[in-house]
Amino acid sequence: DSGVTQTPKHLITATGQRVTLRCSPRSGDLSVYWYQQSLDQGLQFLIQYYNGEERAKGNILERFSAQQFPDLHSELNLSSLELGDSALYFCASSVTWTESTGELFFGEGSRLTVL
Amino acid sequence: KNQVEQSPQSLIILEGKNCTLQCNYTVSPFSNLRWYKQDTGRGPVSLTIMTFSENTKSNGRYTATLDADTKQSSLHITASQLSDSASYICVVSSSGGSYIPTFGRGTSLIVHP
């Protein structure tokens, strides 16, 4: 158990809909990362937050947005969903964002299926 | 552009055999390299970390090597077990600029009985 909690574990929805994925980082970790993993693909970095502030952006679509709340949990919002958005979405946390030796601790992922 | 390339893309071996996975990177300036193991449908878990001054590090049956001059790393698995079936991901972090680690696409390992 990594200590990172993601909900929901599975989500099935229709094209055009909007969903919210939630992540609670490990106790004490201030940095949260979101990754997308499509079928048989590598992990694609979406966005990073540190202590409530956005620190880095990757290949995140404009239809997607995220935020980190004062209690450090984070939410990833996916809107106007398309079939191609079906994927596993992982949240990871680390202690800081400048500690480049820091290990990323991953949650179990949220599997999104868009029909 | 920082990149991490892994080979082979997939590998099938028999239980009890050894195997070696490769990772080449162009991340600069280099800080560290981690190997993660990702079981199907699960989140990746770190196996080992290599810093610039380290050449070899072992974690049980897993041994990672690093050649910082050629920017190559390998992960050797000894006496494979069925539970080793997973994707192995090479992740390289930079000590400058973006602190976002660069992920390889992973090597999918299948161990057959």
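Attention in this report is confined to the structure presented alongside it. For every chain, the first residue of its written sequence is number 1, and the numbers climb from 1 along that sequence. For this description, chains carry letters from A and ligands carry numbers from 1, given in the order in which they are written. Reporting in this predicted model follows two pLDDT cut-offs: at least 70 for local features of residues, and 80 or more for side-chain atom pairs to be given and counted; totals over whole chains, interfaces and linings ignore these cut-offs and use all residues. The side-chain values count all of the structure's non-hydrogen atoms but skip hydrogen atoms and water molecules.

## So, the overall build of chain B
Stage number 1. Starting at the N terminus, helices and strands are each numbered in turn, a helix being any DSSP run of H or I of at least four residues and a strand any DSSP run of E of at least two. Helices and strands together make up the secondary structure of chain B, namely 0 helices and 11 strands.
Stage number 2. Starting at the N terminus, the α and β elements of chain B follow one another as β-β-β-β-β-β-β-β-β-β-β.
Stage number 3. Relative to the globule expectation of 13 Å for 113 residues, the C-alpha radius of gyration of chain B, 14 Å, shows essentially globular dimensions.
Stage number 4. Any residue under 20% of the maximum accessible area for its type is buried, any over 50% is exposed, and the rest in between are partly exposed; the area is computed with a 1.4 Å probe on protein chains only. Expressed as a percentage of the 113 residues in chain B, the buried residues total 46%.
Stage number 5. For chain B, the proportion of contacts with a sequence separation of at least 24, taken over those separated by at least 6, is 56%.
Stage number 6. Seen as two clouds, the 9 positive and the 7 negative side-chain charges of chain B have centres 5 Å apart. With C-alpha atoms as the basis for the radius of gyration, the globule rule is written as 2.2 Å multiplied by the number of residues raised to the power 0.38. Two residues form a contact once any of their heavy atoms are found within 4.5 Å. Asp and Glu count as negative and Lys and Arg as positive, but His and the ends of the chain are not part of the count. A single reference atom marks each charge: NZ on Lys, CZ on Arg, CG on Asp, CD on Glu.

## Observations concerning the overall build of chain A
Stage number 1. A count of helices and strands for chain A gives 0 helices and 11 strands.
Stage number 2. Across chain A, helices and strands are ordered from the amino to the carboxyl terminus as β-β-β-β-β-β-β-β-β-β-β.
Stage number 3. Over its C-alpha atoms chain A spans a radius of gyration of 13 Å, differing by no more than 12% from the 13 Å that the globule rule assigns to 115 residues.
Stage number 4. Projected onto the principal axes, the alpha-carbon positions of chain A cover approximately 40 × 25 × 25 Å.
Stage number 5. When each of the 115 residues of chain A is scored for burial, the buried share is 48%.

## A word on the side chain of Ser73 of chain B
Residue and element names in this part refer to chain B.
Stage number 1. Among the structural elements, Ser73 can be located in strand E8 (residues 72-77).
Stage number 2. Of the residues examined, Ser73 reaches a relative accessible area of 1% and is grouped as buried.
Stage number 3. Excluding residues that lie within four positions of it along the chain, Ser73 makes contacts with Leu21, Gln22, Cys23, Leu33, Trp35, Thr65 and Leu66.

## Observations regarding the pairing of strand E5 (residues 45-51) of chain B
Residues and elements named next belong to chain B.
Stage number 1. Within E5, 5 of the 7 residues are buried, which leaves the element mostly enclosed by the surrounding structure.
Stage number 2. Here strand E4 (residues 30-38) runs beside E5; their pairing, made up of 6 bridges, is antiparallel. By the bridge assignment for E5, Leu33 is matched with Met50.
Stage number 3. Only when DSSP finds a minimum of two bridges between them are two strands counted as paired. Between E4 and E5, which pair antiparallel and follow one another directly, the connecting turn spans 6 residues, one of which, Gly41, has a positive phi of 75 degrees.

## Remarks on the interface of chain B and chain A
Interfaces are often sized by the accessible area lost when the parts come together.
Stage number 1. On the side of chain A, 23 residues touch chain B, which itself brings 20 residues to the contact.
Stage number 2. For the chain B and chain A pair, buried surface summed over both sides reaches about 1700 Å², with 55% attributable to carbon and sulfur atoms.
Stage number 3. Using a 1.4 Å probe, buried area is obtained as the accessible area two parts lose upon being combined, added over both of them. When the area that chain B buries against chain A is broken down by residue, the three leading residues are Tyr99, Ile100 and Phe103 of chain B, summing to 33%.
Stage number 4. Throughout this description, the term salt bridge denotes a Lys or Arg side-chain nitrogen within 4 Å of a carboxyl oxygen of Asp or Glu. At the boundary of chain B with chain A, the tally comes to 2 salt bridges.
Stage number 5. A salt bridge links Arg42 of chain B to Glu108 of chain A, with the nearest nitrogen and oxygen atoms 2.2 Å apart.
Stage number 6. Here a polar contact is taken to be a pair of N or O atoms separated by no more than 3.5 Å, where protein atoms must pair a possible hydrogen donor with a possible acceptor and residues adjacent in sequence count only if both atoms sit in side chains. In this structure, the connection of chain B to chain A is made through 4 residue pairs in polar contact (both at pLDDT 80 or more).

## Side note on the layout of surface pockets
Stage number 1. Cavity means a closed set of points on a 1 Å grid over the protein atoms alone, one where a 1.4 Å probe fits but cannot get out, pocket means an open set with protein on both sides within 12 Å along at least 5 of 7 lines, and lining means a residue has an atom within 4 Å of a point. Grid points are joined across faces, edges and corners, and a volume is the space filled by probe spheres set on the points. Approximately 740 Å³ is the volume attributed to the largest pocket.
Stage number 2. Lining the largest pocket are 30 residues, and of these Gln37, Leu39, Asp40 and Gln41 of chain A together with Ser87 of chain B lie nearest its centre.
Stage number 3. Secondary structure elements with two or more residues in the lining of the largest pocket: strand E9 (87-94) and strand E11 (110-114) of chain A together with strand E1 (4-7), strand E9 (86-94) and strand E11 (107-112) of chain B.
Stage number 4. Throughout, the ten residues Ala, Val, Leu, Ile, Met, Phe, Trp, Tyr, Cys and Pro are labelled nonpolar, Asp, Glu, Lys and Arg are labelled charged, and all others, Gly among them, are labelled polar. For the lining of the largest pocket, the residue count by class is 9 nonpolar, 16 polar and 5 charged.
Stage number 5. A volume near 590 Å³ is recorded for the second largest pocket.
Stage number 6. Of all elements in the fold, only strand E5 (44-50) of chain A together with E1 and strand E10 (102-103) of chain B reach the threshold of two or more residues within the lining of the second largest pocket.
Stage number 7. Taken together, the residues of the lining of the second largest pocket sort by class into 7 nonpolar, 9 polar and 4 charged.

## Side note on the pairing of E9 of chain B
Residues and elements named next belong to chain B.
Stage number 1. A large share of E9 lies buried, amounting to 9 of its 9 residues.
Stage number 2. Taken together, the 8 bridges between E4 and E9 define a ladder with antiparallel strand orientation. Across the sheet, the residue bridging to Gln38 is Ser87, located in E9.
Stage number 3. Looking at chain direction, E9 and E10 are connected through 2 bridges and run antiparallel. Its bridge partner being in E10, Val92 is matched across the sheet by Thr102.

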